[in-house]
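# Architecture and fold: a report
Here are the chains, one letter per residue:
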Amino acid sequence: LAVNLAASYGLFESQGDENTTQNLAFQLGAEYQLSETFNVSALAGLRQTKAEFVDLLGRRITEDSSGPTYSLTAQKQFADGAALRALAARELTPSGASEVLDTTRLQLGYNYPVNERLRLSLASQAYRNRQPGERAGDQFSGQGRGQGTGIDRDYADAKMGLAYQLFPTLSLNLDYTYRWQQNADESSSASSNRLGLSLSWRGR
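Residues numbered from 1 in each chain as written. Predicted model: local features only at pLDDT ≥ 70, side-chain atom pairs only at ≥ 80, totals over all residues. Heavy atoms only, no water.

## Some details on the overall build of the protein chain
Each helix and strand in the protein chain was counted, giving zero helices and ten strands. When its helices and strands are written in sequence order, the protein chain yields β-β-β-β-β-β-β-β-β-β. By residue count, 27% of the 204 residues in the protein chain fall in the buried class. Sequence-distant contacts, at least 24 apart, represent 47% of the contacts inside the protein chain between residues at least 6 apart. When the accessible area of the protein chain is evaluated, it comes to approximately 12600 Å², of which 54% is carbon and sulfur surface. (Helix = DSSP H or I, 4+ residues; strand = E, 2+ residues; numbered from the N terminus. Buried < 20%, exposed > 50% of the residue type's maximum accessible area, 1.4 Å probe, protein only. Contact = heavy atoms within 4.5 Å. Areas by Shrake-Rupley, 256 points an atom, 1.4 Å probe, with all protein chains shown as cover.)

## Examining the pairing of strand S6 (residues 100-113)
Bridge count for strand S5 (residues 83-94) against S6 is twelve bridges, and the pairing is antiparallel. Bridge pairing in S6 links glutamate 91 to threonine 103. Sheet topology note: the S6/strand S7 (residues 118-130) ladder contains twelve bridges and is antiparallel. Looking across to S7, one finds that threonine 103 is bridged to asparagine 129. Between S6 and S7, which follow one another and run antiparallel, lie four residues. (Pairing = 2+ DSSP bridges.)

## Topic: the sheet that holds strand S9 (residues 170-183)
Taken together, the ten strands give an open sheet; going across it, the order is S1-S2-S3-S4-S5-S6-S7-S8-S9-S10, and neighbouring strands pair in antiparallel fashion. Every interior strand has two partners, whereas the edge strands, strand S1 (2-13) and strand S10 (190-201), have only one. Strand after strand, the sheet turns through a mean of 15 degrees between neighbouring axes, direction not considered. (Axes fitted to C-alpha atoms, helices over the stretch in contact; angles between N-to-C directions.)

## Notes on the confidence of the model for the protein chain
With 88% of its residues at a pLDDT of 70 or more, the protein chain shows a mean pLDDT of 86. In the model, residues 135-149 has pLDDT below 50 throughout and makes 44 contacts with residues more than four positions away in sequence or in other chains. (pLDDT = per-residue confidence, 0-100.)

## Here we look at the packing of aromatic side chains
Taken as a whole and judged by the stated rule, the model has one aromatic pair. Here the basic side chain of lysine 76 rests over the ring of phenylalanine 78, its NZ or CZ set 5.8 Å away from the ring centre. The residue whose ring lies beneath arginine 179 is tyrosine 155, and the NZ or CZ to ring-centre distance is 4.2 Å. (Phe/Tyr/Trp six-rings, centres within 6.5 Å; stacked < 30°, edge-to-face > 60°. Lys NZ or Arg CZ within 6 Å of the ring centre and 35° of its normal.)

## Thoughts on the pattern of salt bridges
All chains considered together, the criterion is met by eight salt bridges. Of the charged contacts in the structure, one is a salt bridge between arginine 105 and glutamate 91, with a shortest N-O distance of 2.9 Å. Of this pair, arginine 105 sits in strand S6 while glutamate 91 is found in strand S5, placing the two residues 14 residues apart along the sequence. A relative accessible area of 30% means that glutamate 91 is categorised as partly exposed. When the shortest N-O distance is used, the salt bridge between aspartate 175 and arginine 194 registers 2.8 Å. Here the residue aspartate 175 occupies a position in strand S9, and arginine 194 occupies one in strand S10, the gap between them amounting to 19 residues. (Salt bridge = Lys/Arg side-chain N within 4 Å of Asp/Glu carboxyl O.)

Pasting the structure below:
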């Protein structure tokens, strides 16, 4: 058993506008080895966030918010070389619209060696993005930070891949990904399919 105490500070600045966000978080947790092949870890705490931005009317707005932050992880190694990993987390993440998002995510991944050269991977993840703070719901009224971007959204994807080792440092990869997405302010959703083929090199 290992006990962990973590403190973090983040400063997010957006290029092209005057949006800035400062975030301070404290977390307490532990990591426990249940067996030689199975371990779990957890961190949980609180965050305090201060955001400064200019709304659609040109007013300089300062907004404070707080909320929970956590990370839960479980990993299992199997005798045949397969591995299973699960993650649940909530944290602040930057977006491509000069915003910082309160993101909740769930991830599950599984890797299985079919033989000495071929490996199968299965992965799925789900995300829920929301603007932190009281003005998050006012993004289309000219009061909030979103300024009509509609960045509050939910999305999930599932991926299946095969990796074939051509040489010790070169692999051929084939993967398929299905993705679903829905904006929080819309009733309709969108989905996509992706098929990829690539070569990957790993140095010794």
